[in-house]
Amino acid sequence: MTGFVDLYTEGDTVLHRMDPRVKIFAVLMLTLLILMISSLVHLLILLAFIALLVALGRAPFSKVSLALRFVLRVMIMIVILWPIFDPSGTPVLATLGPVRITEPGVMRGITNAVRICCLATVWYVLMFTTPQRDLVRALVKLGVRFDFGLTLSIALRFLPTFSATVESIKDAQRARGMEFDKGSPLRRSRNYISVLIPTIISALRTADTLSLALQSRAYGARRHRTYLRELKMRASDGVALAVVVAAFVMPAVAKFFLKVPV
Amino acid sequence: MDPGIALSLRDVRFRHRNAKGWALDDVSLQVRRGQFVSVLGANGAGKSTLCMLVNGLVPHTVPGDLEGVVEVFGADVAEDSVAKLSSRVGMVFQEPESQLFCMTVEEEVAFGPENLGVPADEIKGRVEWALELVGMAGYNDRSPFSLSGGQKQRVAIAAALSMRPDILVLDEPAYALDPIGRVELYKVLRELKEKHGMTVLLAERDAEEASLYSDHIVLMENGKVAAQGPPKEVLADPERLVSLGISPPQMSEVASLLRSRLRSPDIDFTRVEDAERTIIERVLPAGRGAAR
Ligand SMILES: Nc1ncnc2c1ncn2[C@@H]1O[C@H](COP(=O)(O)OP(=O)(O)OP(=O)(O)O)[C@@H](O)[C@H]1O
Ligand SMILES: [Mg+2]
């Protein structure tokens with residue numbers, strides 16, 4: 001429950017200027033592509049391309065390393081566990097009682113670890129280069145109702161507020177002699193309840209004022225509201241869209257129609 | 001209907017649903033256009049209930065029994081919707097944290113006019129104007145969460161002003177602020193009054209700034225109006241204020257002290273300069289006399 005980090009960093013790169021709708025669409029296409037490709041070599045090429053996007057978006061090193069640390073942990077878990085639970089094929093590399101490790105199993109573990117890395121990185125590129133308000137704005141433009149968009153953006157906006165509340169309640173409980181990292185699991189979960197309840201009460205109180213504040217600012221006054229900042233598609237967005245579609249369609253055709261393994 | 005009257009309450013009583021007592025009990029008051037009126041009272045005196053009555057949150061959203069007449073620019077609050085009233089009545093709440101809900105300051109200030117369907121070009125102008133007025137120009141892309149308490153409250157004021165309200169209602173806006181935040185906030189309110197002639201209704205439990213800026217002051221106790229009138233009259237007796245749970249202005253405390261020490265009931269001031277003059281003219285000679 002440490003402080004919440006907004007991955008977005010302001011910038012003026014090609015990726016920052018791209019319409020968030022195009023970015024969301026591109027990320028979805030790339031996600032499908034990553035799930036479709038099964039060759040490790042092709043995945044590695046794709047990963048190199050995605051790494052290029054990260055560089056293009058000029059994400060600061062601190063945020064990239066924060067993101068990578070998390071991805072790396074998941075990758076290591078997959079590489080270790082996958083061969084144990086998926087031992088089909090030959091040759092067998094090792095047997096340890098009922099556990100059998102095979103070479104194809106190890107390969108599949110590595111491939112899937114790289115795949116997860118690709119998936120995570122693609123979404124990180126979106127997060128690194130798109131402010132949350134633009135993501136929400138894009139969703140509303142793509143047909144999500146404004147109420148839902150607003151709810152989502154309020155939820156995102158209040159994450160840091162609530163993590164700050166939790167921290168200050170924990171501090172208050174610690175000052176009364178409560179120790180969060182000691183004692184039996186039962187004791188510990190009881191300690192957490194003493195944080196949970198004040199947090200919920202504080203959240204409810206915030207929600208109460210919030211709804212009064214929303215109404216006081218004419219929320220729902222008219223059926224059609226206007227927007228200060230409209231999203232605009234530009235020629236460069238069209239190009240990006242074409243590139244992404246081509247990048248998805250070509251391997252798809254190769255795989256499903258020409259039966260070329262990709 | 002007198003067009004010079006912004007807000008008028010006549011024999012108003014309000015009881016919250018499921019509450020035993022009246023939160024407002026027989027309250028009558030008037031705010032004229034361009035006036036700065038302060039409502040002073042302790043915990044539970046009914047300040048918030050009164051503020052929310054002005055933009056219709058009471059009784060439309062916060063339910064209960066309402067008696068008497070509340071008119072905002074001649075329109076009966078009970079018959080209008082909050083959404084409709086909110087474009088005429090700007091509202092600023094006590095807690096800085098929970099009344100700002102957007103990702104950036106700019107969106108926050110644009111939110112009201114967007115809901116009212118104001119064209120984008122005009123919203124842009126209003127946002128710049130409002131942020132400039134509260135001293136937050138250039139903060140457009142900052143997250144409200146990252147601001148200090150005083151800055152948050154000023155953004156909340158800008159967010160209300162961008163709807164171009166005819167009256168601004170502030171419910172203990174300085175409650176959660178440190179002394180610096182408080183000074184910054186009142187600087188903005190003073191400018192609103194003096195340069196823009198904004199009509200203001202302010203709820204407070206500390207009479208310090210209210211004593212300087214108000215044209216009219218209402219003292220409340222347990223939902224009732226304990227006294228109302230010009231600041232000089234209403235705030236003259238600091239002990240009375242303390243008994244009502246209100247922090248008296250420091251200058252009036254000094255004046256009251258001098259009155260009783262020098263046994264001169266005519267001593268009266270609210271500004272530091274007047275206090276200085278009184279002390280030079282009357283306290284120092286008296287002291288010299290005593291020393292001789
Ligand atoms: N939602 C509610 N339901 C029931 N009773 C309420 C509600 N809100 C306020 N009251 C009661 O109405 C009375 C006036 O409350 P109000 O909040 O208007 O006072 P206040 O002067 O703003 O006080 P504070 O300094 O606490 O903000 C109090 O007795 C309070 O308990
Ligand atoms: Mg209150």
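The structure contained in this document is the topic of the report that follows. (Residues numbered from 1 in each chain as written. Chains lettered and ligands numbered in written order. Predicted model: local features only at pLDDT ≥ 70, side-chain atom pairs only at ≥ 80, totals over all residues. Heavy atoms only, no water.)

### Quick word on helix α1 (residues 47-54) of chain B
What counts, and what does not: Buried residues are those whose accessible area, probed at 1.4 Å on protein chains only, stays under 20% of the maximum for their type, while exposed residues exceed 50% and partly exposed ones sit between those limits. Put simply, DSSP marks the helices as runs of H or I at least four residues long and the strands as runs of E at least two long, and each gets a number from the N terminus on.
Within α1 of chain B, 7 of the 8 residues are buried, leaving the element largely enclosed by the surrounding structure. Immediately beyond the C-terminal end of α1 of chain B, within one or two residues, lies G56 of chain B, with a positive phi of roughly 85°.

### Observations regarding empty space enclosed by the protein
Residues and elements named next belong to chain B. Going by this rule: Of the two site types, the cavity is a set of points on a 1 Å grid over the protein atoms alone where a 1.4 Å probe fits but cannot get out, and the pocket is an open set with protein on both sides within 12 Å along at least five of seven lines, each lined by residues with an atom within 4 Å of a point. Grid points are joined across faces, edges and corners, and a volume is the space filled by probe spheres set on the points.
Counted under the stated rule, the structure contains 1 cavity of 30 Å³ or more. Of the voids in this model, the largest cavity is the one considered here, and its volume is about 50 Å³. Around the largest cavity sit P231, K232, L235, A236, S252, A255, R259, D268, F269 and T270, which together line it. Looking at the lining of the largest cavity, the elements with two or more residues in it are α9 (231-234) and α11 (250-262). Broken down by element, the residue count for the lining of the largest cavity peaks at 3 residues, all from α11.

### Section: the packing of helix α2 (residues 20-36) of chain A against helix α5 (residues 103-129) of chain A
To describe two helices that pack against each other, one gives the angle between their axes and the distance between the axes. All names here are of chain A. Note the cut-off: Think of each axis as a best-fit line through the C-alpha atoms, taken over the contacting stretch in the case of a helix, with angles from 0 to 180 degrees between the N-to-C directions. Angle categories are assigned with fixed cut-offs, so that under 35 degrees is roughly parallel, over 145 is roughly antiparallel, 65 to 115 is roughly perpendicular, and the rest are oblique. Any two residues having at least one pair of non-hydrogen atoms within 4.5 Å are treated as being in contact. When residues are sorted by character, Ala, Val, Leu, Ile, Met, Phe, Trp, Tyr, Cys and Pro go into the nonpolar class, Asp, Glu, Lys and Arg into the charged class, and all the rest, Gly among them, into the polar class.
For the pair α2 and α5, the least separation of the axes is 9 Å and the interaxial angle reads 175°. Considering their axes alone, α2 and α5 lie roughly antiparallel with respect to each other. Touching K23, I24, V27, L28, L30, T31, I34 and L35 of α2 are R115, C118, L119, V122, W123, L126 and T129, all from α5. Looking at the contact of α2 with α5 residue by residue, the class counts come to 11 nonpolar, 2 polar and 2 charged.

### With respect to unusual backbone geometry
Cis geometry is found at the peptide bond from T90 of chain A to P91 of chain A, where omega equals 0°. The peptide bond linking V58 of chain B to P59 of chain B adopts the cis configuration, its omega dihedral lying at 5°. You can see P59 of chain B is positioned in helix α2 (residues 57-60). The backbone phi angle of D26 of chain B is positive, close to 60°, even though this residue is not glycine. Tracing the sequence through the fold places D26 of chain B in strand β2 (residues 24-32). What makes D26 of chain B partly exposed here is its relative accessible area of 48%.

Coordinates in, geometry out; function isn't part of it.
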